[in-house]
Amino acid sequence: MLRVDVRQPEHSCLVEHRSINLAISERGFSALRRLDPLLEARVRELAIPMRGRMIHSLDGRQTSQAYDVFGKHINSVGRNALIKILLDAAGSYSRVTLHFSHELVDADFDSRRVTLRNAETNHQFDANADLIVGADGAYSRVRQRMMTKVMMNYSQTYIEHGYCEFSMSPTNGEFAMSPNHLHIWPRGSFMLIALPNPDKTFTCTLFMPWRQFDLIKTSDEAVEFFRAKFPDALGLMGEESMCAEYARNPKGSLVYVKCSPHTYKNRAVILGDAAHAMVPFYGQGMNCGFEDVERLDEIMLNALQASGIESTETTQLTDEQLLSALDEYSATRAADTDAIVDLALDNYVEMRSRVVSYSYLLRKQLEGLLHRLFPTVVIPLYTMVSFTSIPYAAVIRQWDRQTLWLHRSIYAATATVVLGTGLVSAQLLGMRMPTLSEIARAFSHKH
């Protein structure tokens, strides 16, 4: 789909009902802050804090699960409003010219030239660039052209689930539910979620296997399904509104992409979904894309300043410096983006199922307590991903170490209780107490 200027009234609603609401957290804010603190402030003004998940049980009970023991939170932000702010910011730079309704026809990286076509006039023309940046989405044409020039490892996977969006209107002029939560109706193999909007509506999204979507063909079947699985949500959405939106709104597919490298010589780089499209269940797609820009800028500036040039104008990089910077970016960033793609996929299972399991809740409570006592030593996975800038690959490594440590600690505590109980029982029964060497052999697995 070609990009239009959503700031124009005739295009202002085109992004609605075709994409999931956005959640912005520390990684996204960090990139905006690096560019301009005032830009970060403008986006924060649009954002609605979501301090935790609100779990909706089938019987209507609601249970709040805080994201962080210290009160940190993610933020809901409308896609349209955010795009307008970013377009205004980009257009304010004297060397930036915005072109809408254009598509990439071809790219000659070695000549640093791209061929573009204006879809409204069908006019085709060439443009030259020092560096070609492909931020053109999961089905990136820039990436496709790069694959003809480099030995790129690439995978694209559709999951067997789709999504459909709905709206929930205000009740008596106020939010129909708590606006400071991400609401989840977990139902095992599928779920409904709802994020708040500044106009006091909620954007609701049903994620479900395609085979279940295929079973709902009529309005009566849609109502029957929502009555059985999401009765409280249906009451707030309204049967008529829900049926109309189910029939009208598109059913979107969910795809993730991994590839490496992300660069070609000192000629081209791909960022965002073009390099690492992910499913939306960690709320990190946009945050990761913003962080791409921040990391690339850091590396390019370091390369410039290492040469003794005290400047923030990366256009002053030589070809050799640019090549070195892009190679470093691709070598370090690909591992991190692969990591968050995997984490996002796993978080779908957590949201639709594990959030109501006793083992999940027990670990969440235990880690929260340990994080409060040792905030720099034990850090919950969600906190590392959403509230820090720890590289995603390092997040997984630390999480694996914490998991191993917790399992060993629980095993040791259990063994201690069992051993203590056994020793006390033996003493009460007048049995001989084992020696320390006998106890050691019992736990050494050497017989």
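The structure reproduced in this document is the subject of the present report. (Residues numbered from 1 in each chain as written. Predicted model: local features only at pLDDT ≥ 70, side-chain atom pairs only at ≥ 80, totals over all residues. Heavy atoms only, no water.)

This part is about the overall build of the protein chain. In terms of helices and strands, the protein chain carries 15 helices and 16 strands. Long-range pairs, those at least 24 residues apart, make up 69% of the contacts in the protein chain between residues at least 6 apart in sequence. (Helix = DSSP H or I, 4+ residues; strand = E, 2+ residues; numbered from the N terminus. Contact = heavy atoms within 4.5 Å.)

Okay, the pattern of salt bridges next. Following the criterion strictly, the structure yields 29 salt bridges and no others. For the salt bridge of R113 with D126, the shortest nitrogen-to-oxygen distance reads 3.8 Å. One end of the pair, R113, is in strand β7 (residues 113–118); the other, D126, is in strand β8 (residues 124–128), and 13 residues separate them in sequence. Assessed through its relative accessible area of 48%, D126 is described here as partly exposed. Between D342 and K258 there is a salt bridge, with its nearest N and O atoms 2.7 Å apart. (Salt bridge = Lys/Arg side-chain N within 4 Å of Asp/Glu carboxyl O. Buried < 20%, exposed > 50% of the residue type's maximum accessible area, 1.4 Å probe, protein only.)

This part takes up the layout of surface pockets. Once rolled over the atoms, a probe with the size of a water molecule shows which space is left empty. The computed volume of the second largest pocket comes to approximately 820 Å³. Around the second largest pocket sit 33 residues that line it, and Y360, R363, K364, E367 and W399 are the ones nearest its centre. At the level of secondary structure, the elements contributing two or more residues to the lining of the second largest pocket comprise β4 (62–66), α11 (319–352), α12 (358–373), α13 (381–387) and α14 (392–428). Of the residues forming the lining of the second largest pocket, the biggest block, twelve residues, is contributed by α12. Residues that form the lining of the second largest pocket fall into these classes: 15 nonpolar, ten polar and eight charged. (1 Å grid on protein atoms, 1.4 Å probe; cavity = no way out; pocket = protein on both sides within 12 Å on 5 of 7 lines; lining within 4 Å. Points joined across faces, edges and corners; volume = space filled by probe spheres on them. Nonpolar A, V, L, I, M, F, W, Y, C, P; charged D, E, K, R; others polar.)

Counting 38 residues, the largest nonpolar core has I74, L182, M191, I193, F207, F281 and V385 as the members making the most contacts within it. Residue assignment for this core shows that the elements contributing at least two residues are β10 (153–168), β11 (181–186), β12 (191–196), β14 (252–260), α11, α13 and α14. Among the elements that line this core, the one with the most residues is α11, at seven residues. Not counting residues up to four positions away in its chain, the partners in contact with V385 are R27, Y282, Q284, I340, L343, Y392 and V395. One finds A194, F202, A233 and M242 within the second-largest nonpolar core, a separate group that totals 27 residues. (Core = buried A, V, L, I, M, F, W, Y, C linked by side-chain atoms within 4.5 Å.)

In sheet architecture, strand pairing relies on hydrogen bonds along the backbone and comes in two forms, parallel and antiparallel. In spatial order, the strands read β1-β5-β2; together these three strands make up an open sheet with antiparallel pairing. Only two strands of the sheet have a single neighbouring strand rather than two, namely β1 (22–24) and β2 (48–50). Going across the sheet, the axis of each strand differs from the next one's by a mean of 40 degrees, ignoring polarity. Sheet analysis places β2 next to strand β5 (residues 74–77), joined by three bridges and oriented antiparallel. Residue M50 lies in a different strand from β5, and its bridge partner there is I74. (Pairing = 2+ DSSP bridges. Axes fitted to C-alpha atoms, helices over the stretch in contact; angles between N-to-C directions.)

Put simply, S260 and P261 share a cis peptide bond, and its omega is 5 degrees. Along the chain, P261 falls in the loop between β14 and β15 (263–264). A positive phi angle, close to 55 degrees, is found at R112, a residue other than glycine. The backbone of N122 sits at a positive phi, close to 70 degrees, despite the residue not being glycine. By the secondary structure assignment, N122 is in the loop between β7 and β8. On the basis of relative accessible area, N122 is assigned to the exposed category, the value being 52%.

Taken together, the side chains of L35, Y93, V96 and L98 present a nonpolar region at the surface, about 340 Å² in accessible area. Counting through the fold element by element, L35 comes out in helix α1 (residues 26–35). (Patch = residues over 30% accessible without salt bridge, like charges linked within 9 Å, V, L, I, M, F, W, Y side chains within 5 Å. Areas by Shrake-Rupley, 256 points an atom, 1.4 Å probe, with all protein chains shown as cover.)

On to the environment of T312, then. For T312, the position within the fold is in the loop between α10 (285–306) and α11. With relative accessibility at 60%, the residue T312 sits in the exposed group. For the pair T312 and D297, spaced 15 residues apart in the sequence, the C-alpha separation amounts to 9.4 Å.

Let us now look at the sheet that holds β4. Spatial strand order, β4-β3-β11-β12-β13-β10-β14: seven strands in an open sheet with mixed pairing. Edge positions in the sheet fall to β4 and β14, since each of these pairs with one other strand and no more. Pairs of neighbouring strands in the sheet enclose a mean axial angle of 30 degrees, with direction left out of account. Packing against the sheet, α11 makes contact with β3 (52–56), β10, β11, β12, β13 (202–209) and β14, and its axis sits at approximately 150 degrees to β14.

So, on to helix α6 (residues 219–229). When α6 is considered as a whole, its buried residues turn out to be A222, V223, F225 and F226. All buried residues of α6 project into a common sector of 160 degrees when viewed along the axis, lining one side. Counted as exposed and oriented over 90 degrees from the buried face of α6: D220, E224 and R227. Where α6 is buried, its residues meet β10, β12, β13, α7 (231–237) and α8 (239–248). (Arc of directions from axis to C-beta.)

For the pair α6 and α8, the least separation of the axes is 10 Å and the interaxial angle reads 120 degrees. The angle between the axes of α6 and α8 places the two elements in the oblique class. Taken as a pair, α6 and α8 cross one another with a handedness that is right-handed. Residues S219, A222, V223, F226 and R227 of α6 form the contact with α8, whose own contacting residues are E239, M242, C243 and Y246. Within the contact of α6 with α8, the residues separate by chemical class into six nonpolar, one polar and two charged. (Parallel < 35°, antiparallel > 145°, perpendicular 65-115°, else oblique. Left-handed = near helix turned anticlockwise from the far one by under 90°.)

Three or more residues of helix α2 (residues 37–46) are buried, namely L39, E40 and V43. One face of α2 carries all of its buried residues, which in axial projection span an arc of 100 degrees. Along α2, the residues that are exposed and aim more than 90 degrees away from the buried face are P37, L38 and E45. Structurally, the start of α2 carries an N-cap: the backbone nitrogen of L38 is 2.9 Å from a side-chain oxygen of D36. (Polar contact = N/O pair within 3.5 Å; in protein donor to acceptor, adjacent residues only side chain to side chain.)

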